[in-house]
Amino acid sequence: RKHAVVRVPRSVYAAVPGRNRYRPSQKTPIPHFTLAGDWASQKFLGSMEGAVLSGKLAAEVIVDSHSTDSEPAQGIKPVEEHV
C-alpha cells in the first residue's frame, strides 16, 4: 500500500463572520518589522493560500516603506472585516 489518509480533527478553525478584525495587519508600529503568515490579515482562511497572500501583502508594505514616491507602489489591499 503506497498511500495513507491522515485525519487531523479541528485542523481548520471555524470561519465566523467578523473574525478578520482580530487578525493583525502586515504593517506594524515597530520600525522594520513586518508580519506575514496565514494568521495575519488577508482574505483566506488559515491556509497555504492565505500565507502566500499575506507574504505578498507584507512585501508590498516593505516596498512602500522604501519607496520615494508619494503614492504607494500598489498599496495594501483592503481586507473585508465581515469575512
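Visitor: Account for the overall build of the chain, naming residues and giving values.
Guide: Across its full length, the chain carries one helix and zero strands. Of all 83 residues assigned to the chain, the portion counted as buried reaches 22%. Summed over all atoms, the accessible surface of the chain reaches about 6,800 Å², with 59% contributed by carbon and sulfur.

Visitor: Account for the side chain of Gln42, with residues named and values stated.
Guide: Position of Gln42 relative to the elements: it lies in the segment before helix H1 (48-66). Given a relative accessible area of 1%, Gln42 falls into the buried group. Reaching out from Gln42, the side chain makes a polar contact with the backbone oxygen of Asp38 at a distance of 2.8 Å.

Visitor: An account of the side chain of Ser54 is requested, with residue identities and associated values reported.
Guide: By secondary structure assignment, the location of Ser54 is in helix H1. Apart from the residues within four sequence positions on either side, Ser54 is in contact with Gln26, Leu35, Ala36, Gly37, Ala40 and Gln42.

Visitor: Can you break down the environment of Asn20 residue by residue, with the values?
Guide: On the secondary structure map, Asn20 appears in the segment before H1. Separated by 24 residues in the primary sequence, Asn20 and Phe44 place their C-alpha atoms 9.6 Å from one another.

Visitor: So what's going on with the environment of Ala40? Residues and values would help.
Guide: Of note, Ala40 is situated in the segment before H1. Sequence separation between Ala40 and Arg23 is 17 residues, and the spatial gap between their C-alpha atoms is 5.2 Å. Each residue touching Ala40, except ones within four places of it in the same chain, is listed here: Arg23, Pro24, Gln26 and Ser54.

Visitor: Give a detailed account of unusual backbone geometry, specifying residues and quantitative values.
Guide: Even without a glycine there, the phi angle at His32 is positive, about 60 degrees. In this structure, His32 sits in the segment before H1.

Visitor: Which residues make up the environment of Leu53, and what values go with them?
Guide: Positionally, Leu53 belongs in helix H1. Residues Leu53 and Ala40, spaced 13 residues apart in sequence, show a C-alpha to C-alpha distance of 9.7 Å. In contact with Leu53, not counting residues within four places along its chain, are Gln42, Lys43 and Phe44.

What counts, and where the lines are drawn
Residues numbered from 1 in each chain as written. Predicted model: local features only at pLDDT ≥ 70, side-chain atom pairs only at ≥ 80, totals over all residues. Heavy atoms only, no water. Helix = DSSP H or I, 4+ residues; strand = E, 2+ residues; numbered from the N terminus. Buried < 20%, exposed > 50% of the residue type's maximum accessible area, 1.4 Å probe, protein only. Areas by Shrake-Rupley, 256 points an atom, 1.4 Å probe, with all protein chains shown as cover. Polar contact = N/O pair within 3.5 Å; in protein donor to acceptor, adjacent residues only side chain to side chain. Contact = heavy atoms within 4.5 Å.

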